Structure formats: structure tokens, C-alpha cells
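Listed below, chain by chain, are the residues.
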Amino acid sequence: MEPKGFQDPRSAGAIGGTSAAPYLAMPPAPLATLAIGQSDLYPYYFKLNLRSKQAILANDEIENPTNLLAGRFDLAFVLVYLFPLLVLALGYNMISAEREQGTLLLALSQPITMSQLVTGKVLLRGGLLLGLVIGFTLIGALVTGVDLSLPTVWMRLALWIGMMTLYTGFWFGLAILVNGYGTSSATNALSLAGCWLGLVLVLPSVANLIATGMYPVPSRVEMVQAMRTAGKEAQTKGSVLLSRYMEDHPELMPGGEKPQADFASLSYAVQMEVDKKVQPILDHFEEQVDRQQSFVDGFRYLSPAILAQSAINDLAGTSLGRYKHFSKQVDGFFGAWQSYFLPKVFSKVKLNSKDVAGFPVYGYQEETDGEILGRVGVVLAGMLVLSGLVLVVAYGRLKRVSVAA
């Protein structure tokens, strides 16, 4: 007896929908182990099928919401959130300690200016800290198996170190500025701790709250309800939808035969109608997410922490930009897969060896170095301006600092 329906190994619906449907994966970037970034929020693979894109998205992994709320502990977290505390711990009393110990006048009695004295301290302490950053970054890369022979790895590492140099310069500049007001070491420490709290924790949280408040995304409940409503409406007129599709594609009806309303063709015709009805909600969701990201991108120039995190995520390959790059490829391949198999499903074509050889083949195309450099370059320029502004103001303040205890 000849197998029927999805039991038939020659069935386009069975092969394209389940048996031969591939996984579409985004491989980790070389430095992905150093920064989790957005990779714990967005899936890095999809199981393809012939149904809607929503059916693909529903197969992504389920993450513990507590983990998502708390975040991950990685090298990027240490550098962005904890490293500034180490910088401030070494810089909060650069001038105040000398004044309180009575050695500031002695130091300035030498042929040296206040700016030169402070610059020497910053270079020594900053060089030590950057050495630790470079060392831990390279050790982390080696331990996690990063292939250092790849040219792109060294480009990313160089930009990583460049960002951390500017980030270190900003926090030392802030320490110099606070020291320039001639307050005690204890007061300096409290002032700098408040600056760290505001710039690293409060400001990014405020930016996120404003973005989500201004551009709220549609709820998943709304999307599910829309899919159910559209599905019920489409089910009641499945045969009409199938006939309409066949009228739009007469090449699928050889000899002018009327389409047979079998389960597979009806199911896909209904699903295509549901997709059409739900697409406006999906478009609105993507539009709101893009607006949120654009707002945060503009807001980040007020916070060095947001700038540093943005650059590190891009260099590690765990940014929202890379995920969108992957998502576009998923959309494109999903369209190619449907275009290949659905006409065969509707026209009841049995697959043969030649058809198998013609299956669309997925291959992830990585972002070019130019795309990464473009995004990171803007962030580096922003950090350079921010750090330079703080250092200029801080050194200007040094000219008016009191040397008396």
C-alpha cells in the first residue's frame, strides 16, 4: 500500500515541515565568552518549519526569568561596573592625601607643577590598571579557547583596549576634578561614590524606564489573542483561501484542474492568512523596539557606562545589532524555504532526488569588519569627547586648587 500524507517520504509538506527542516544558528563570535551582552535575551538558533515565523520563534529556549533579571557575571560586568571603583579607589586622594600629610608643599617646591604631579600619578596608576585589564582579557580569551590567530580577534582586542583606556581616563578625570576642589579625602570618596552610583547605575536605569515608557511594545498576550482570532476566522473560510491562492498561482493547477482541499494545503492556506493578519502587530513590536534602542543610543552619551557596555557587546558579538543581522538572515532563508516547498505542497508534487539536491542551504554570513568598526567607532568617538571634556575641566580646576592644609 502506498503511504499517504505525512507518512509519505516524498511528501513536500512532511520533508519541508519536519524531516529535512534545518536549524538556523548564529555561531558565537570569537570574544563572545567575555561578554554575555544580549545573548541571554535573544535566541541564537531557530528550528525551521513551513509554518509561520511565530511558530519558529515559539521554539526558542526558555530562560529562567530570575537569571534574566539579575544579569550575568562576566568580564564585561567587571570592567563596566566594578573597574571604575578600583580607579576611584586609587584616585580619590591624589591631592588631598598629600595636603593632609603636609607633603604637597614639599613636592611642589621641586621644579614641577601641580598638573605635572597629578599627571605622573595618573599615568603610573592608570598604566597599572590597564595592564591588569589587558592581562585579564588575554587570560580570559586563552582560557575560553579564543583563536588568537584570527586577524579579526586582534582588531577586536585592540578596540576593546582602546575603549578601556578612554573609560579609565574618564574616571581618573573625574577623580582629578573632585580633588581640585580642595576637600578632604573622605569627602572626595563620598562624592566620587555618588558619581559612580549615578553614572553607572541610576542613569542607565532611568534611560531604560523612559524608553519603555515612551515606546511600549505590544504585549505577548495581545499577539496571542490576535493569532487566535485570525486563526478562527481563517478556519471558517479555509477552502475560500485555498481557492484564492490557486487563482493567484495558476501555474500550480496543471490542466486547469480545481484544487483539492486536502489537510496540508488547507492548513498552509489558513496559516498564510493568519500571518497576514498578525504581521501588523509584529511590525509594530519591531518598530517600538527600534525606537527604544534609538532613544538609548542617544542617551548613552551622558553615561560612560552605557557607552562602554555598547562597545564591548559589539566587539564580543553579543549586541542587539548582531542579533538583528542574524534575524534578517532567518527571515530571508525562511522565505526561500517556503517558496521552494509550498508550491509543491499545493500542487501535490512528489519529491525526487533532483528536488532533494535543490533544497535551499543555510549558511550564516557574519557581519563585515566595516560594519563593526562603524558602530564601535561612533561609540569610541563619544567616549573620547566625554573623557576629553572631563579631563580639560579637571586640569583647568587644578590651576585654582589650594595647596595649604
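Structure: above.
A brief report on the enclosed structure follows.

Cut-off values and rules
Residue indices follow the written sequence of each chain, beginning from 1 at its first position. In view of the model being predicted, local features appear only for residues whose pLDDT reaches at least 70, and side-chain atom pairs are presented and counted only at 80 or more, with totals across whole chains, interfaces and linings using the full set of residues. As a rule here, side-chain values cover all heavy atoms of the structure and leave hydrogens and water aside. Segments assigned H or I by DSSP are reported as helices when at least four residues long, segments assigned E as strands when at least two residues long, and all are numbered from the N terminus. Exposure is judged per residue with a 1.4 Å probe applied to protein chains only, and the accessible area is read against the type maximum: over 50% gives exposed, under 20% gives buried, and values in between give partly exposed. Every residue pair with non-hydrogen atoms within 4.5 Å of one another is taken to be in contact. Surface accessibility in these figures is a Shrake-Rupley result with a 1.4 Å probe; residues are shielded only by whichever protein chains are displayed. A helix is expected to reach a length of 1.5 Å times the quantity of its residues less one. Working definition for bend: take the seven residues up to and ending at a residue and the seven starting at it, fit an axis to each, and measure the angle between the axes. As used here, the term nonpolar core means buried Ala, Val, Leu, Ile, Met, Phe, Trp, Tyr and Cys residues forming a set that is joined through side-chain atoms within 4.5 Å. Axis geometry follows a simple rule: fit a line to the C-alpha atoms, using only the stretch in contact for helices, then measure angles between N-to-C directions, giving values from 0 to 180 degrees. By the definition used in this description, the sense in which the near helix is turned from the far one sets the handedness, with an anticlockwise turn below a right angle giving left-handed and a clockwise turn giving right-handed. Residues are grouped as follows: nonpolar covers Ala, Val, Leu, Ile, Met, Phe, Trp, Tyr, Cys and Pro; charged covers Asp, Glu, Lys and Arg; every other residue, Gly included, is treated as polar. When two rings of Phe, Tyr or Trp (its six-membered ring) have centres within 6.5 Å they constitute a pair, described as stacked for plane angles under 30 degrees, edge-to-face for angles over 60, and tilted for the intermediate range. Throughout this description, the term charge over a ring refers to an Arg CZ or Lys NZ atom that lies within 6 Å of the ring centre and within 35 degrees of the ring normal.

## Quick notes on the overall build of the protein
Of the regular secondary structure elements, the protein holds 16 helices and two strands. Here the protein, with 405 residues, has 42% of them falling under the buried criterion. A separation threshold of at least 6 residues defines the contact pool for the protein, and within that pool the share at least 24 residues apart is 83%. Total accessible area on the protein is roughly 20,900 Å²; 64% of this is exposed by carbon and sulfur atoms.

## Thoughts on helix H4 (residues 75-91)
What sets the pattern is the α-helix's 3.6 residues per turn: residues three or four places apart point alike. In this model, H4 (17 residues) spans 22 Å end to end at C-alpha, consistent with the 24 Å of a helix rising 1.5 Å per residue. Along its length, H4 reaches its greatest deviation from straightness, about 45 degrees, at Leu 82, and the proline Pro 84 lies no more than four positions downstream. Lining the buried residues of H4 we find helix H7 (114-143), helix H8 (151-179), helix H9 (185-214) and helix H13 (304-316).

## A closer look at the side chain of Thr 168
Turning to its location among the elements, Thr 168 is positioned in helix H8. With relative accessibility at 3%, the residue Thr 168 sits in the buried group. With residues up to four places along the chain from it excluded, the contact list for Thr 168 reads Phe 83, Val 87 and Leu 130.

## A word on the nonpolar core
The biggest cluster of nonpolar side chains holds 62 residues, and the ones touching the most others in it are Leu 31, Val 118, Trp 160, Met 164, Tyr 167 and Trp 171. Mapped onto this core, the elements with two or more residues apiece are H4, H7, H8, H9, H13 and helix H16 (369-398). The dominant element in this core, judged by the number of residues it contributes, is H8, at 17 residues. Non-local contacts of Val 118, meaning those with residues more than four positions away in its chain, are made with Met 94, Ile 95, Ile 176, Tyr 395 and Leu 398. In this structure, Phe 46, Phe 333, Leu 342 and Phe 346 belong to the second largest nonpolar core, which totals 24 residues.

## Side note on the packing of H7 against H8
The interhelical angle for the contact between H7 and H8, taken along N-to-C directions, is 145 degrees, at an axis separation of 10 Å. The two elements H7 and H8 meet at a crossing, and its hand is right-handed. Judged by residue contacts, Val 118, Val 122, Arg 125, Gly 126, Leu 129, Leu 130, Val 133, Ile 134, Thr 137 and Leu 138 of H7 engage Leu 157, Trp 160, Ile 161, Met 164, Thr 165, Thr 168, Phe 172 and Ile 176 from H8. Looking at the contact of H7 with H8 residue by residue, the classes come out as 13 nonpolar, four polar and one charged.

## Structural notes on the environment of Leu 82
Relative to the elements of secondary structure, Leu 82 occurs in helix H4. Using a relative accessible area of 38% as the deciding quantity, one classes Leu 82 as partly exposed. Separated by 118 residues in the primary sequence, Leu 82 and Val 200 place their C-alpha atoms 9.6 Å from one another. Once residues within four sequence positions are removed from consideration, Leu 82 is found in contact with Phe 73 and Phe 77.

## Some words on the packing of aromatic side chains
Evaluated as defined, the whole model comprises 16 aromatic pairs. Each ring, one from Tyr 44 and one from Tyr 45, has its centre 5.1 Å from the other, and the planes form 70 degrees; the classification is edge-to-face. Taking the relative accessible area as the measure of exposure, Tyr 44 reaches 42% and is therefore partly exposed. Ring geometry for Tyr 323 versus Phe 326: centroids 6.4 Å apart, planes at 65 degrees, classification edge-to-face. Pair noted here: Tyr 323 and Phe 326 are both in helix H14 (residues 320-346), with a separation of three residues, about one helical turn. Residue Tyr 323 shares its accessibility class with Phe 326, and that shared class is buried. An aromatic cluster of three or more residues is present, and its members are Phe 333, Trp 337, Tyr 340, Phe 341, Phe 359 and Tyr 362. When the ring centre of Tyr 23 is taken as reference, the NZ or CZ atom of Lys 47 above it lies at 5.5 Å. In this structure, Arg 397 packs its charged tip against the face of Tyr 181, placed 4.1 Å from the ring centre.

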